[in-house]
Amino acid sequence: MAKPIIIRPRVGSSRKGHLSPRRRGRLSSRKSGRRIPKGLIHVQAGLNNTIVTVTDVRGQVVSWSSAGTCGFRTARKATPFAAQTATGNVLRTVVDQGMQRAEVRIKGPGLGRDAALRAIGRSGIRICLIQDVTPLPHNGCRPPKKRRV
């Protein structure tokens, strides 16, 4: 008589890098328990969206948000109010982790530059340095050749 085949459920998950629910809770509680007294706030204000990223002094991302993840769609993503909302969402999580001082690096020509800076000032975080890191071409790209008609 043939032996019956016993199928057991796999422990963990088949996807690589995926955490089981038991380990996921432990990891997130450890990450939020970190104390970050000083950090960097990167504001990328594009013409279509504003992305705000907070890192520690070593450059590891602590929290991030954008106007798109806050629920704004299409043209409303580029507004100053959307940038202010995205900045507020990021800073709420970071202030809970104990951030008191920060350097701000602003990149891009978008409308969210000033609004994000105002929201950072209102959050209670002391701004040590404001730096504009928008990439500027020294001489630019080679222009296209002249059109012949």
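The shown structure was predicted, so the numbers you read here are calculated from the model rather than taken from an experiment.

Rules used throughout
Residues numbered from 1 in each chain as written. Predicted model: local features only at pLDDT ≥ 70, side-chain atom pairs only at ≥ 80, totals over all residues. Heavy atoms only, no water. Salt bridge = Lys/Arg side-chain N within 4 Å of Asp/Glu carboxyl O. Helix = DSSP H or I, 4+ residues; strand = E, 2+ residues; numbered from the N terminus. Buried < 20%, exposed > 50% of the residue type's maximum accessible area, 1.4 Å probe, protein only.

Peer 1: Would you mind going over the pattern of salt bridges with me for this structure?
Peer 2: Side chains that differ in sign of charge can pair as their charged atoms come close. Taken as a whole, this structure holds three salt bridges when the rule is applied. Here Arg105 and Glu103 are joined by a salt bridge, their closest N and O atoms 3.7 Å apart. Residue Arg113 is joined to Asp132 by a salt bridge in which the shortest nitrogen-to-oxygen separation is 3.4 Å. Placement of Arg113 in helix α3 (residues 112–122) and of Asp132 in strand β5 (residues 126–132) is noted, with a sequence separation of 19 residues between them. Look at Arg113 and you get partly exposed, because its relative accessible area is 22%. Judged by relative accessible area, Asp132 falls into the partly exposed class, the value being 48%.

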